[in-house]
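Each chain, written out:
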Amino acid sequence: MTRWTSDLATGNPAIDRDHQELVEIVDQLKAAAAGGDQKARLSHALDVFRDHVLRHFPTEESEMEAKGYPGLPKHRQAHAVLTSLVVDLVGKDNSGATVLYSEVDQLAQALYRHILLDDKPFAVFLTQA
Ligand SMILES: [Fe+2]
Ligand SMILES: [Fe+2]
C-alpha cells in the first residue's frame, strides 16, 4: 500500500490535495486489482481513477499556463502519454480482458514518478516566480 509521504509534496496546496486524493484512489484501485474475482469493483475503481486523472491534468496545465511556466509543452506531452496509458487500461477492462495487479502497479509507479520528476519542478518554479 502506498501512503502519502512528504517526498510527493510539491508545496502547491491545490496540486497537493489532488495528488493526495490520487494516492488514495490508487490504493483502492490496487486493493480491487488484488481482489481478483470482483470485476465490478475493479471496473468501478478504474473509472474513478480515470476520472480523477482526466480532471487533474487539465487543472494542472491551466495553472501552469496562468503562471507562464516554460516547462508546459513538455509537461503536456507527459500528461498525454500517461492519459493514453490510463485510457488503454480502462479500455482493456471494458473489453472484458483481465486487468492484472502488475499493470495497475506499473501505472501507479509511472504516476508517482511523474509527480516527483515533473510536477515538483513546477512547484519549485512557483516559489522562484
Ligand atoms: Fe500532477
Ligand atoms: Fe503533471
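Basis of the calculations
Per-chain numbering applies: the sequence of each chain, read as written, is numbered from 1 onward. Lettering of chains starts at A and numbering of ligands starts at 1, both following the order in which they are written. This being a predicted model, a pLDDT of at least 70 is required before a residue's local features are given, and a value of 80 or more before pairs of side-chain atoms are given or counted; all residues contribute to the totals for chains, interfaces and linings. A fitted line through C-alpha atoms represents every axis, and for helices the fit uses only the stretch in contact; the resulting angles, taken between N-to-C directions, go from 0 to 180 degrees. Comment: elements are numbered from the N terminus, with helices defined as DSSP H or I runs of at least four residues and strands as E runs of at least two. An angle counts as roughly parallel when it lies under 35 degrees, as roughly antiparallel when it exceeds 145, as roughly perpendicular when it falls between 65 and 115, and as oblique in every other case. Two helices cross in a left-handed way if the nearer one is turned anticlockwise from the farther one by less than a right angle. They cross in a right-handed way if the turn is clockwise. Note that contacts rest on C-beta atoms placed from the backbone: two residues are in contact if these are within 7 Å. When residues are sorted by character, Ala, Val, Leu, Ile, Met, Phe, Trp, Tyr, Cys and Pro go into the nonpolar class, Asp, Glu, Lys and Arg into the charged class, and all the rest, Gly among them, into the polar class. With C-beta atoms placed from the backbone, a residue is labelled by how many other C-beta atoms lie within 10 Å of its own: buried for 20 or more, exposed for 12 or fewer, partly exposed between the two. By definition, a nonpolar core groups buried Ala, Val, Leu, Ile, Met, Phe, Trp, Tyr and Cys residues that connect through C-beta atoms lying within 7 Å of each other. Residue-level confidence of the predictor is summarised by pLDDT, bounded by 0 at the bottom and 100 at the top. Residue count minus one, scaled by 1.5 Å, sets the expected span of a helix.

Undergrad: So what's going on with the packing of helix α1 (residues 13–35) against helix α2 (residues 39–66)? Residues and values would help.
TA: At a minimum axis separation of 9 Å, α1 and α2 run at an interaxial angle of 160 degrees. Between α1 and α2, the angle is such that the two are roughly antiparallel. The chirality of how α1 crosses α2 is left-handed. Contact residues: α1 offers Ile15, Asp18, Glu21, Leu22, Ile25, Val26, Gln28, Leu29, Ala32, Ala33 and Gly35, while α2 offers Arg41, Leu42, Ala45, Leu46, Val48, Phe49, His52, His56, Thr59 and Glu60. Of the residues assigned to the contact of α1 with α2, the class counts are 12 nonpolar, 5 polar and 4 charged.

Undergrad: Describe the environment of alanine 9, and please don't skip the residues or the numbers.
TA: In this fold, alanine 9 is placed in the segment before α1. With 46 residues separating them in the primary sequence, alanine 9 and arginine 55 have C-alpha atoms 19 Å apart.

Undergrad: Account for the environment of aspartate 27, with residues named and values stated.
TA: Examined against the element boundaries, aspartate 27 turns out to sit in helix α1. Residue classification places aspartate 27 among the partly exposed residues on the basis of 16 C-beta atoms within 10 Å. Remark: the alpha-carbon pair of aspartate 27 and arginine 3, spanning 24 residues in sequence, is separated by 8.3 Å.

Undergrad: I'd like a description of the nonpolar core, backed by residues and values.
TA: By size, the foremost hydrophobic cluster in this structure holds 18 residues, and its most contacted members are Leu29 and Leu46. Broken down by secondary-structure element, the contributors of at least two residues to this core are α1, α2, α3 (72–94) and α4 (101–128). Here this core gets 6 residues from one element, more than from any other, and that element is α2. In contact with leucine 46, not counting residues within four places along its chain, are Leu29, Leu89, Val90, Asp93 and Val99.

Undergrad: Help me get a handle on the confidence of the model for the protein, residues and values and all.
TA: On average, the protein scores 92 in pLDDT, and the residues at 70 or more come to 96%. Averaged over each element, pLDDT in the protein is lowest for α1 (91) and highest for α3 (97).

Undergrad: Please set out α1 residue by residue, giving values where relevant.
TA: With 23 residues, α1 ought to run about 33 Å at 1.5 Å a step, and its terminal C-alpha atoms sit 33 Å apart, in line with that. Turning to α1, its buried residues are Ile15, Asp18, His19, Leu22, Val26, Leu29, Ala32 and Ala33. Structurally, α1 contributes buried residues whose contacts are with α2 and α4.

Undergrad: Break down the packing of α1 against α4 for me, citing the residues and quoting the values.
TA: Relative orientation and spacing of two packed helices are given, respectively, by the angle between their axes and the distance between those axes. Close contact between α1 and α4 brings their axes to 9 Å; oriented N to C, the two are set at 165 degrees. Comparing their axes, α4 and α1 come out roughly antiparallel. Pair α1 / α4 crosses with left-handed handedness. Residues Ile15, His19, Leu22, Val26, Leu29, Lys30, Ala33 and Ala34 of α1 lie in contact with α4, whose contacting residues are Tyr101, Val104, Asp105, Ala108, Leu111, Ile115 and Asp119. Taken together, the residues of the contact of α1 with α4 sort by class into 11 nonpolar, 1 polar and 3 charged.

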